[in-house]
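Tertiary structure, described
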Amino acid sequence: MTDYLTTPPARRALPTALLAGLLLLAGCAETPVQTTSVEPPPETIEPPTTTVPDLPTVDRELPGSIYAAEFSQAESLLANNDWLHAGDVLSTLPEELDLNDRAYLSYLQARIAWQHGQPQQAAAMLVELPAPGTALALQEKIINFQRYMGDLQGDYLASARQGSQLLSNDPMQPGAAALKRSIWRDLERVPAEQLAIAEGDTDNPDWNAWLTLARITAEAGTADELEQALVDWRADHPAHPAANPLPGGLDALLEQPLQFDTVALLLPLSGRLAPAAKAVRDGYLAAFYRASAGKRRQELLVLDTNAYPDAIAAYQDAVRQGASMVVGPLSKQAVAELGQLQERTVPVLALNRSDEPAPPGPTALVQLSLSPEDEVETLVEQAWGRGARRALIVRPGGEWGDKLDQILRQQWQALGGEIATTATYASAEAYSDTIKQAFQLDASEARAREIRSMLATNIEATARRRQDFDAIFLLSGRHGEARAIKPLLAFHYAGDVPVLAPSAVYSGLPGRGDSDLNGILLAELPWLLGADPGLRVAIAAGGTGSDSYTRLNALGADAYLLQRRFAQLQSGPEALFRGSTGLLHMDPYLRIIREPAPATFDGGRLKPL
């Protein structure tokens, strides 16, 4: 039994107890591991979680081959991102091969093309595979790699369908739990409209049931509606692979309902952070009132943290007033203060993220935030899935740029990518010169001057930028910076290179200057891409003006979502939520990690990809 509701000790190895106290939510689940989307060896399979002695065993051994040594050597080289030498090894194989050897060769050649930055070619090599009669072990290799490519290219529905096929073929296979998790994550990334269309397009009952379950979580307006729909779905599909347990931690939501009679919302409603705090409050209240329409409402205390000496005093007063759960505080400093409190008698859903893990405490300190670090993985996956392998970073100096640069490098290099160079700017006046130097345009211009001097003639010459990068990560922290820099990249001869950026490059409100962002790829909140329009309308109708801080409205809405479905967090790494700020899950230190949605600007308008 792993207890996921105790605060973890700092830097403790996993597995670890993560959440306990007065409101223990005991759950049995596998230990979470936070990873980058490194290309996994597709043949890796987790240990079996269930054994059924009376079922016939399934042969998952690779078929015998006289070329086994060459295949094994190529696998090892690819595991080290050495696609060039892997290709050399496979080039020695003859053209005439049997069915399984031909399938294995095509699979390895597709991986070579993928690592070389040719995703379309890699997919084309496997389009007719696996062929009927192919050994099961090779079928799984091929399909798992197809799913991996599909995920990085945003084809989540196809990836989920292939996973469903694998699971239906053998529900008791080794690694079934991991396969089930990956199917569910794929489906939770698909909009409800696409799920509904896919439901109508299939006559496969297992796949249809997966789609229906995902649409339930996408469309359920309140937790009560969700719970009832889940009960009904399981009654209709008792033998489905997703029925027992339900994916995404949904079983915990059904089995351990939590009722917080009084909730305290702690926000700095006066002072410098008041506009931000009011935006969070408005998002939270809109979700709160929608969920409690026509029902007995829980008592809600809204406390101004600036009316207290510190966050600890505000928390203690909330508890004295009867709060059984606290949502907030908002500032990073206040969250860190509360993390040091040893006598936390009720759980906390903080609205920012402390830089260091909180020390052990008697109840949970879950941290939800709009941290830009969460957006880096989406940007990296977008670039990698499009075939980029060598990137250039354009970033501001200072803490923001340092932090995102470090995270991006770690994730990009873990995939096998390289960084050509970094352009760090200190001011608006330095944008152009910084880019010119990074592109080595100054060296190109100097060569042109030398040639003119040698020939003693005024020949025309066009500067040529360096050609050793195929993606640009623009890590700007302000939309004004991005609007100025994006056109400069094109001016300096990089208009054909994909540019990827965090959500901070867009203000959140449509404006005239947005056309300068055309073509940029960014990681954005689903809230700004059309998610939950009813809630946004309700906030705008309130006339508070907080919709100018629209992302903070979304943070407030997700705070209520997690509060209402807090029991689901008992399942630790299994728990998954469709949120307004992204697809949400919890890491080993009780930090809610957001997976934002990929988006772009087209015609001056923000659009989902």
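Heads up: these notes are all about the structure in this document. (Residues numbered from 1 in each chain as written. Predicted model: local features only at pLDDT ≥ 70, side-chain atom pairs only at ≥ 80, totals over all residues. Heavy atoms only, no water.)

1. Quick look at empty space enclosed by the protein
- Enumeration according to the criterion identifies three cavities of 30 Å³ or more in this entry.
- Volume-wise, the largest cavity comes out at about 60 Å³.
- Lining the largest cavity we find D151, L152, Y156, T378, E381, Q382, E595, P596 and P598.
- Of all the elements, helix α15 (residues 373-385) adds the most residues to the lining of the largest cavity, at three residues.
- By residue class, the composition of the lining of the largest cavity is four nonpolar, two polar and three charged. (1 Å grid on protein atoms, 1.4 Å probe; cavity = no way out; pocket = protein on both sides within 12 Å on 5 of 7 lines; lining within 4 Å. Points joined across faces, edges and corners; volume = space filled by probe spheres on them. Helix = DSSP H or I, 4+ residues; strand = E, 2+ residues; numbered from the N terminus. Nonpolar A, V, L, I, M, F, W, Y, C, P; charged D, E, K, R; others polar.)

2. Examining the layout of surface pockets
- When its volume is computed, the second largest pocket comes out at roughly 1,400 Å³.
- Lining of the second largest pocket is provided by 50 residues; of these, P191, P526, A531, R578 and G579 occupy positions nearest its centre.
- Of all the secondary-structure elements, those providing two or more residues to the lining of the second largest pocket are α6 (156-169), α8 (192-201), α9 (205-219), α10 (223-236), α12 (274-291), α15, α21 (550-564) and β16 (597-602).
- With five residues, α21 is the single largest residue contributor to the lining of the second largest pocket.
- Residue composition of the lining of the second largest pocket, grouped by class: 25 nonpolar, 12 polar and 13 charged.

3. Considering the packing of aromatic side chains
- Counting across every chain of the model gives 17 aromatic pairs.
- With a centroid separation of 5.4 Å and 85° between ring planes, the pair formed by W384 and W412 is classed as edge-to-face. A residue pair is termed long-range when its members are at least 10 positions apart, and W384 in helix α15 and W412 in helix α16 (residues 399-415) qualify at 28 residues. With respect to burial, W384 and W412 carry one shared label: buried.
- Ring-pair connections join several aromatic residues into one group, and the members of that group are F71, Y104, Y107, W114, F145 and Y148.
- We note R389 situated over the ring of W114; from NZ or CZ to the ring centre the distance is 5.4 Å.
- Here the guanidinium or amino end of R389 rests over the ring plane of W384, the centre of that ring lying 3.7 Å away. (Phe/Tyr/Trp six-rings, centres within 6.5 Å; stacked < 30°, edge-to-face > 60°. Buried < 20%, exposed > 50% of the residue type's maximum accessible area, 1.4 Å probe, protein only. Lys NZ or Arg CZ within 6 Å of the ring centre and 35° of its normal.)

4. Overview of the environment of G480
- For G480, the location among the structural elements is in helix α19 (residues 479-494).
- Sequence separation between G480 and G513 is 33 residues, and the spatial gap between their C-alpha atoms is 8.8 Å.

5. Concerning the pairing of strand β9 (residues 418-425)
- As paired strands, strand β8 (residues 390-396) and β9 are joined by seven bridges and run parallel to one another. Opposite V394, over in β9, you have A423 as the bridge partner.
- Chirality of the crossover, the property in question, places the unit of β8, α16 and β9 among those that are right-handed. (Pairing = 2+ DSSP bridges. Right-handed = clockwise from strand over helix to strand, strands pointing away.)

6. A look at α8
- For α8, the complete set of buried residues consists of A192, L195, A198 and E199. For α8, the arc enclosing every buried residue in end-on projection is 120°, short of the 170-degree limit, so these residues lie on one face. Turned more than 90 degrees from where α8 packs its buried face, E193, I197, G200 and D201 sit exposed.
- Against the buried residues of α8 lie α6, α7 (176-188), α9 and β13 (577-578). (Arc of directions from axis to C-beta. Contact = heavy atoms within 4.5 Å.)

7. Let's talk about the sheet that holds β16
- If you trace the seven strands from one edge of the open sheet to the other, you get β9-β8-β10-β11-β12-β16-β17, paired in mixed fashion. Two strands close off the open sheet at either side, each with one partner strand: β9 and β17 (605-608). Averaged over all pairs of adjacent strands, the angle between their axes in this sheet comes to 30°, without regard to strand direction.
- Relative to strand β12 (residues 521-524), strand β11 (residues 499-501) runs parallel, the two sharing two bridges. Paired with A501 across the strands is L522, a residue of β12.
- Each of β10 (471-474), β11, β12 and β16 is contacted by α15, which is oriented at about 145° to β12, the strand it contacts most. (Axes fitted to C-alpha atoms, helices over the stretch in contact; angles between N-to-C directions.)

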